[in-house]
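Summary of the model geometry
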Amino acid sequence: MAVGNYIRERFFPHIWCPGCGHGIVLNGLLRAIENMGLKKNDIVMVSGIGCSSRIAGYLDFHTLHTIHGRALAFAVGVKMSRPELTLLVPMGDGDALSIGGNHFIHACRRNIDMTAIVMNNRIYGMTGGQYSPLSGYGTMATTAPYTNIDQEFDIVNMATAAGATFVARATAYHVLQMAEVLEAAIRHKGFSVVEVMSPCPTYFGRKNKEGSVVDMLEKLKTTTTPLGSKAKQENPSLIERGVFVKKEMPEYCAEYQKIIERAMKGK
Amino acid sequence: MAKPRLKQHLINRDWCKGCGICVHFCPRKVLELDDQDKVVAVRPQDCICCKLCELRCPDLAIEVQTEQD
């Protein structure tokens, strides 16, 4: 396999369930990295805890598997000491926005050059299907047997409001677009957030009677639309995918280097 | 660019978990699951080498090799 060079084959087959969207994210990410021709020694992947965060174990980069919700904090540390490296931070929806919500918004605000990939399966899969801040009103979960009454976050709006300079949404179904968006996010100089809608057939799908993973992927096809499409005007309930924000702002490591230089001059 | 010609479908049976994504989304219905729920290419002559099976496989278990590769 062309992408075989980037994976740790000894850990395959991976731990994810049959049809897990996270596997498709892994696949799309590998295509993006292969297309960019990045050297694996120049990439650092930092992950937290959860199904999604297991991705770091399967990729043959420099990888850190850290504590729940704090992947971004560790990643900021790595980036500050070695700004020339490419930082990838895959997180789950709960990891990024519940346990790590504070780290998430402040990393967005700082505009440090790294790519946060939020693999949004709308549930805590690893611990048995508890609802997450992305499950949304009216969904079922192990901890919401009479439906969930919490409203969900919108990752794109939240990252935009917090100041991220690249914000995008992709889905596991649209894998070619996902690879393109991930590549653009990695190339962007600044803090990039990519939400990837990733089906969890084992917990979210089963609890919410969404059928097999094939049905869930078909649903991603029919309930999403490219950003700015006519279909969205006719049917506002469609979820838009594409690049929502791309802007230039001073990057944190570059600004910090200026501080060092200023301090060395003594004023 | 010349139309890609199929060499073979390289299927890793140890990695395939039989989720059926490749079978369902193949535009030419080239693939099927066998009695052990592993993917097999039953109609390789119909393959148009779009590689959508390879791209969507969550298990990195299928690769479409073309003569050009």
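Look up: the structure comes first, before these words.
If you're wondering where the values come from, they're calculated on a predicted model, not measured in any experiment. (Residues numbered from 1 in each chain as written. Chains lettered and ligands numbered in written order. Predicted model: local features only at pLDDT ≥ 70, side-chain atom pairs only at ≥ 80, totals over all residues.)

Further remarks concern the overall build of chain A. A tally of regular secondary structure across chain A gives 11 helices and 10 strands. The C-alpha atoms of chain A give 18 Å as radius of gyration, which agrees with the globular expectation for 267 residues (18 Å, within 12%). Based on the C-alpha atoms only, the size of chain A along its principal axes is roughly 65 × 45 × 35 Å. The burial tally for chain A puts 49% of its 267 residues in the buried class. Sequence-distant contacts in chain A: of pairs separated by 6 or more residues, those separated by 24 or more amount to 66%. (Helix = DSSP H or I, 4+ residues; strand = E, 2+ residues; numbered from the N terminus. Rg over C-alpha atoms; globule rule 2.2 N^0.38 Å. Buried ≥ 20, exposed ≤ 12 C-beta atoms within 10 Å, placed from the backbone. Contact = placed C-beta atoms within 7 Å.)

It is worth spelling out the overall build of chain B at this point. The helix and strand tally for chain B stands at 2 helices and 4 strands. Across chain B, helices and strands are ordered from the amino to the carboxyl terminus as β-α-β-β-α-β. In terms of overall dimensions, chain B is globule-like: its C-alpha atoms have a radius of gyration of 11 Å, near the 11 Å expected for 69 residues. If one aligns the C-alpha atoms of chain B with their principal axes, the spans along those axes are about 35 × 20 × 15 Å. Within chain B, contacts between residues separated by at least 24 positions form 54% of all contacts whose residues are at least 6 apart in sequence.

On to the interface of chain B and chain A. In this assembly, 15 residues from chain B lie in contact with 17 residues from chain A. Secondary structure elements with two or more residues in the side of chain B that touches chain A: helix 1 (21-25) and helix 2 (52-56) of chain B. Broken down by class, the residue content of the side of chain B that touches chain A amounts to 7 nonpolar, 3 polar and 5 charged. (Nonpolar A, V, L, I, M, F, W, Y, C, P; charged D, E, K, R; others polar.)

Residues and elements named next belong to chain A. Following both chains from N to C, one finds helix 3 (residues 71-81) and helix 5 (residues 101-110) inclined at 40°, their axes separated by 8 Å at the closest point. Overall, the two elements helix 3 and helix 5 adopt an arrangement that is oblique. Along the contact surface, helix 3 presents Leu72, Ala73 and Val76, while helix 5 presents His103, Phe104 and Ala107. Per-class residue counts for the contact of helix 3 with helix 5 are 5 nonpolar, 1 polar and no charged. (Axes fitted to C-alpha atoms, helices over the stretch in contact; angles between N-to-C directions. Parallel < 35°, antiparallel > 145°, perpendicular 65-115°, else oblique.)

Residue and element names in this part refer to chain A. Structurally, Lys265 is set in helix 11 (residues 252-265). Overall, Lys265 belongs to the exposed group, with 7 C-beta atoms counted inside 10 Å. Note: C-alpha distance between Lys265 and Val213 (52 residues apart in sequence) is 60 Å.

All names here are of chain A. Val89, Ala116 and Val196 are the most contacted members of the largest nonpolar core, which has 82 residues in total. Each residue touching Val196, except ones within four places of it in the same chain, is listed here: Val25, Ile117, Val118, Met119, Asn120, Ala170, Thr171, Ala172 and Met178. Among the nonpolar cores identified, the runner-up in size contains 12 residues, and Trp16, Cys20, Ile123 and Cys200 belong to it. (Core = buried A, V, L, I, M, F, W, Y, C linked by C-beta atoms within 7 Å.)

The linkage connecting Phe12 of chain A with the following residue, Pro13 of chain A, adopts the cis geometry, with an omega of -5°. Relative to the helices and strands, Pro13 of chain A is located in the segment before helix 1 (21-36). Although it is not a glycine, Asp37 of chain B sits at a positive phi angle of roughly 60°. Within the secondary structure layout, Asp37 of chain B lies in the loop between strand 2 (31-33) and strand 3 (39-41).

Below, the discussion takes up the environment of Ala141 of chain A. Residues and elements named next belong to chain A. Along the chain, Ala141 turns up in the loop between strand 6 (130-131) and helix 6 (155-162). With 21 C-beta atoms counted inside 10 Å, the residue Ala141 sits in the buried group. Expressed as a C-alpha distance, the spacing of Ala141 and Gly205, which sit 64 residues apart in the sequence, is 9.8 Å. Setting aside chain neighbours within four positions, we find Ala141 in contact with Ile123, Gly129, Gln130, Tyr131, Ser135, Asn148 and Lys207.

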